[in-house]
Amino acid sequence: KNEVEQSPQNLTAQEGEFITINCSYSVGISALHWLQQHPGGGIVSLFMLSSGKKKHGRLIATINIQEKHSSLHITASHPRDSAVYICAAYTGNQFYFGTGTSLTVIP
Amino acid sequence: GAGVSQSPSNKVTEKGKDVELRCDPISGHTALYWYRQSLGQGLEFLIYFQGNSAPDKSGLPSDRFSAERTGGSVSTLTIQRTQQEDSAVYLCASSLVGSPYEQYFGPGTRLTVT
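An account of the accompanying structure is given in this report. What you see as residue numbers is a count from 1 along each chain, following the sequence as written. All chains are assigned letters beginning with A, and all ligands numbers beginning with 1, in the order in which they are written. pLDDT decides what is reported in this predicted model: residues at 70 or higher carry local features, side-chain atom pairs at 80 or more are listed and counted, and totals for whole chains, interfaces and linings draw on all residues regardless. Note that the side-chain values use all heavy atoms of the structure and ignore hydrogens as well as water.

### Some thoughts on the overall build of chain B
Numbered from the N terminus, helices here are DSSP runs of H or I no shorter than four residues, and strands are runs of E no shorter than two. Helix and strand content of chain B: zero helices and ten strands. The globule rule used here is 2.2 Å times the number of residues to the 0.38 power, and the radius of gyration it is set against is calculated over C-alpha atoms. The globule rule puts the C-alpha radius of gyration for 114 residues at 13 Å, and the 13 Å found for chain B is close to it. Dimensions along the principal axes, computed over C-alpha positions, put chain B at roughly 35 × 25 × 25 Å. The burial tally for chain B puts 47% of its 114 residues in the buried class. Across chain B, contacts joining residues at least 24 apart in sequence account for 57% of those joining residues at least 6 apart. Total accessible area on chain B stands at roughly 5500 Å², and carbon and sulfur atoms take up 46% of it. Within chain B, one finds 10 positive and 11 negative side-chain charges whose respective centroids are separated by 4 Å. Residue burial is assigned from relative accessible area. The probe radius is 1.4 Å, only protein chains are included, and a residue is buried under 20% of its type maximum, exposed over 50%, and partly exposed in between. Contacts are assigned to residue pairs that have any heavy atoms within 4.5 Å of one another. The accessible surface values rely on the Shrake-Rupley method and a 1.4 Å probe; as for residues, cover is taken only from the protein chains in view. Asp and Glu count as negative and Lys and Arg as positive, but His and the ends of the chain are not part of the count. To locate a charge, take atom NZ for lysine, CZ for arginine, CG for aspartate or CD for glutamate.

Now the structure itself:
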């Protein structure tokens, strides 16, 4: 059983659509990270959450600690958002990663 | 300012040889992390350094893997007696303090064991 589960595994959207990626985890966490990995392989940290909600531009991340669930939302999606989005749970001394959600936004 | 740098960017080695991978974190970042990503697989946490504290080595996959961080800055990940299953992209990240602070990732070292 994976400590972090992401869904969907693959997602194709039309430009402008609202996108939601889900992450559920089974471990106790001190923080949850959302990462973006572009086709070239580079990884960028998008958010670090320990509670509530964070917004950066068109990206919104939420976390429900009681339900052990986090979501990443992209509003007004754009082809440049095409990437793999990875959820990572940090327990205080260990990271557990989801397998990623591959997003393709079609013009 | 400069981001996290890693060297070499690519390394091809023969099975059984030792390899050293280097990570230069962002200046002033006290926390440093090593991860690996095997082809078609997700990210895997390897080891984490925070300041001068002893690192948490629980993520290292075998005793052939070791890492050190000299002077609280540059880190080296060493793989002894490499095996084909060690082939992966090895990623380094740094942050101001230990997670839960934002991490900045390096470009990675692609290791191929033939």
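### Quick word on the overall build of chain A
Helix and strand content of chain A: zero helices and eleven strands. Helices and strands in chain A line up, N terminus first, as β-β-β-β-β-β-β-β-β-β-β. Its C-alpha radius of gyration of 13 Å places chain A within 12% of the 13 Å reference for a compact globule of 107 residues. With the principal axes as the frame, chain A shows a C-alpha extent of 40 × 25 × 20 Å. Residues counted as buried form 45% of the 107 residues belonging to chain A. Taking the contacts inside chain A whose residues are at least 6 apart along the sequence as the reference set, 54% of them involve residues at least 24 apart. Carbon and sulfur atoms form 50% of the exposed surface of chain A, whose accessible area is close to 5000 Å². The distance from the centre of the 7 positive side-chain charges to the centre of the 6 negative ones in chain A is 9 Å.

### Thoughts on the packing of aromatic side chains
Ring geometry is summarised as follows: Phe, Tyr and Trp rings, the Trp one being its six-membered ring, pair when their centres sit within 6.5 Å, and such pairs are stacked at plane angles under 30 degrees, edge-to-face over 60 and tilted between the two. In this structure the tally under the stated criterion is eleven aromatic pairs over all chains. Ring geometry for Tyr90(A) and Tyr48(B): centres 6.5 Å apart, planes at 90°, overall edge-to-face. Within this pair, whereas Tyr90(A) is found in strand 9 (residues 83-90), its partner Tyr48(B) is found in strand 5 (residues 43-50), the two belonging to separate chains. Of the two residues, Tyr90(A) and Tyr48(B), both sit in the buried class. Consider the rings of Phe95(A) and Tyr35(B), whose centres lie 5.8 Å apart with planes at 75°: the pair is edge-to-face. Placement of Phe95(A) in strand 10 (residues 95-97) and of Tyr35(B) in strand 4 (residues 31-37) is noted, with the two residues assigned to different chains. Assessed through its relative accessible area of 5%, Phe95(A) is described here as buried. Ring pairs connect the aromatic residues Tyr90(A), Phe95(A), Phe97(A), Tyr33(B), Tyr35(B), Phe45(B), Tyr48(B) and Phe105(B), which therefore count as one cluster.

### Description of the environment of Thr104(A)
Residues and elements named next belong to chain A. Here Thr104 is to be found in strand 11 (residues 101-106). Thr104 gets classed as partly exposed once you look at its relative accessible area, which sits at 38%. Considered as a pair, Thr104 and Gln14 are 90 residues apart in the sequence and their alpha carbons are 8.5 Å apart. Ignoring any residue separated from it by four or fewer positions in sequence, one finds Thr104 in contact with Leu11, Thr12, Ala13 and Ser82.

### Here's the deal with the pattern of salt bridges
Residue and element names in this part refer to chain B. Salt bridges are defined by distance alone: a side-chain nitrogen of Lys or Arg within 4 Å of a carboxyl oxygen of Asp or Glu. Applying the stated criterion across every chain, the model contains five salt bridges over all chains. The salt bridge partner of Glu14 is Lys17, with a shortest N-O separation of 3.7 Å. We classify Lys17 as partly exposed; its relative accessible area is 44%.

### Thoughts on unusual backbone geometry
A cis amide bond, omega -5°, links Ser7(A) with the succeeding residue Pro8(A). Following the sequence through the fold, Pro8(A) ends up in the loop between strand 1 (4-7) and strand 2 (10-14). Cis rather than trans, the peptide bond between Ser7(B) and Pro8(B) has omega equal to -10°. Mapped onto the elements of the fold, Pro8(B) is located in the loop between strand 1 (5-7) and strand 2 (10-13). Backbone geometry at Ala76(A) places phi at a positive 45°, although glycine is not the residue there. Mapped onto the elements of the fold, Ala76(A) is located in the loop between strand 8 (69-74) and strand 9. Positive phi, normally seen in glycine, also occurs at Arg81(B), with a value near 50°. Assignment of secondary structure puts Arg81(B) in the loop between strand 7 (75-79) and strand 8 (88-95).

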